[in-house]
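Survey of secondary and tertiary structure
Residue strings, one per chain:
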Amino acid sequence: MSESFREALMGKRAEILTTGGIRPLAGTMENNSRQGDMADQANGNNEVHIQLKIKQTDAKILQAIEEALARIDKGTYGACRDCGEPISPARLKAIPWTRVCITCKEKQNS
Ligand SMILES: [Zn+2]
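Residues numbered from 1 in each chain as written. Predicted model: local features only at pLDDT ≥ 70, side-chain atom pairs only at ≥ 80, totals over all residues. Heavy atoms only, no water.

Some words on the pattern of salt bridges
Opposite charge on two side chains permits pairing when their charged atoms draw close. Cut-off, in case you're wondering: When a carboxyl oxygen of Asp or Glu is within 4 Å of a side-chain nitrogen of Lys or Arg, the pair counts as a salt bridge. Runs of E in the DSSP output that reach at least two residues are strands. Runs of H or I that reach at least four are helices, and both are numbered from the N terminus. Throughout this description, buried means an accessible area under 20% of the type-specific maximum (1.4 Å probe, protein chains only), exposed means over 50%, and partly exposed covers the range between.
Taken as a whole and assessed by the stated rule, the structure comprises 6 salt bridges. Here R6 and D73 are joined by a salt bridge, their closest N and O atoms 3.2 Å apart. One end of the pair, R6, is in helix α1 (residues 2-18); the other, D73, is in helix α2 (residues 38-74), with 67 residues separating them in the sequence. Among the salt bridges present, the one from E15 reaches K12, with a minimum N-O distance of 3.4 Å. Of this pair, E15 and K12 both sit in helix α1, 3 residues apart, roughly one helical turn. Among the residues examined, E15 registers a relative accessible area of 44% and is labelled partly exposed. On the basis of relative accessibility, which here comes to 23%, the residue K12 falls in the partly exposed class.

A look at the nonpolar core
In plain terms, the rule: Remark: nonpolar core denotes a set of buried residues (Ala, Val, Leu, Ile, Met, Phe, Trp, Tyr, Cys) joined through side-chain atoms within 4.5 Å. Note on contacts: a residue pair qualifies if any of its non-hydrogen atoms lie within 4.5 Å across the two residues.
L9, I65, Y77, C80 and W97 are the most contacted members of the largest nonpolar core, which totals 18 residues. Among the elements of the structure, α1 and α2 are those that each provide at least two residues to this core. Considering every element that reaches this core, the biggest residue donor is α2, with 7 residues. Not counting the four nearest positions on each side in its chain, W97 is found in contact with L9, K12, I61, A64, I65, A68 and R71.

Let's talk about the packing of aromatic side chains
Let me state the cut-off plainly: Here a Phe, Tyr or Trp ring, Trp counted by its six-membered ring, pairs with any other such ring whose centre lies within 6.5 Å, and the pair is stacked when the planes are under 30 degrees apart, edge-to-face when over 60, and tilted otherwise.
Summed over the entire model, instances satisfying the criterion amount to 1 aromatic pair. Ring plane angle 50° and centroid distance 5.4 Å describe the contact between F5 and Y77, whose orientation is recorded as tilted. With F5 in helix α1 and Y77 in the loop between α2 and α3 (89-94), this residue pair connects regions lying 72 residues apart in the sequence. Using a relative accessible area of 9% as the deciding quantity, one classes F5 as buried.

Description of the environment of S2
Mapped onto the elements, S2 comes out in helix α1. For S2, a relative accessible area of 24% gives the class partly exposed. Remark: the alpha-carbon pair of S2 and D73, spanning 71 residues in sequence, is separated by 9.6 Å. Not counting the four nearest positions on each side in its chain, S2 is found in contact with I72 and Y77.

Some words on the coordination of the zinc ion
Let me state the cut-off plainly: The rule for donors is simple: an N, O or S atom within 2.8 Å of the metal counts, and for Na, K and Ca the reach is 3.2 Å. Water is not among the atoms, so a site may look short of donors. For four-coordinate sites, all angles between 85 and 135 degrees define a tetrahedron; for four- and six-coordinate sites, opposite donors beyond 155 degrees with the remaining angles between 65 and 115 define square planar and octahedral shapes respectively, and all other cases count as irregular.
Distances from the zinc ion to its protein donors, C80 (SG), C83 (SG), C101 (SG) and C104 (SG), fall within 2.3 Å. In this structure, the zinc ion is coordinated by 4 donor atoms arranged in tetrahedral fashion, with angles at the metal of 105 to 116°. Donor residues for the zinc ion sit on one chain with the sequence pattern C-x2-C-x17-C-x2-C. Overall, C80 belongs to the buried group, its relative accessible area being 5%. A relative accessible area of 39% means that C83 is categorised as partly exposed.

Now the structure itself:
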């Protein structure tokens, strides 16, 4: 049963890696301290900012994917990290790398 999730996870991992999802973030940060010419560069900075955000999200997902694959190997995949309850299959299908059930996720957000 977890084999299809493993495939989904590995597919997503390959997708992130092949689109160059992970890049070092150093360098891009320096622009933020230059407040002086922000007005001129506003548009450019916004684009960089959005891209940066995507990269950070990719890095997080990638990390979560690795952890999920490790859990499949250990046989603990599909159990919520916080409460230990099984995560619903629908949720796992939508986000195979998720660590917590929907109840705990909602608690985190509130
Ligand atoms: Zn939970």
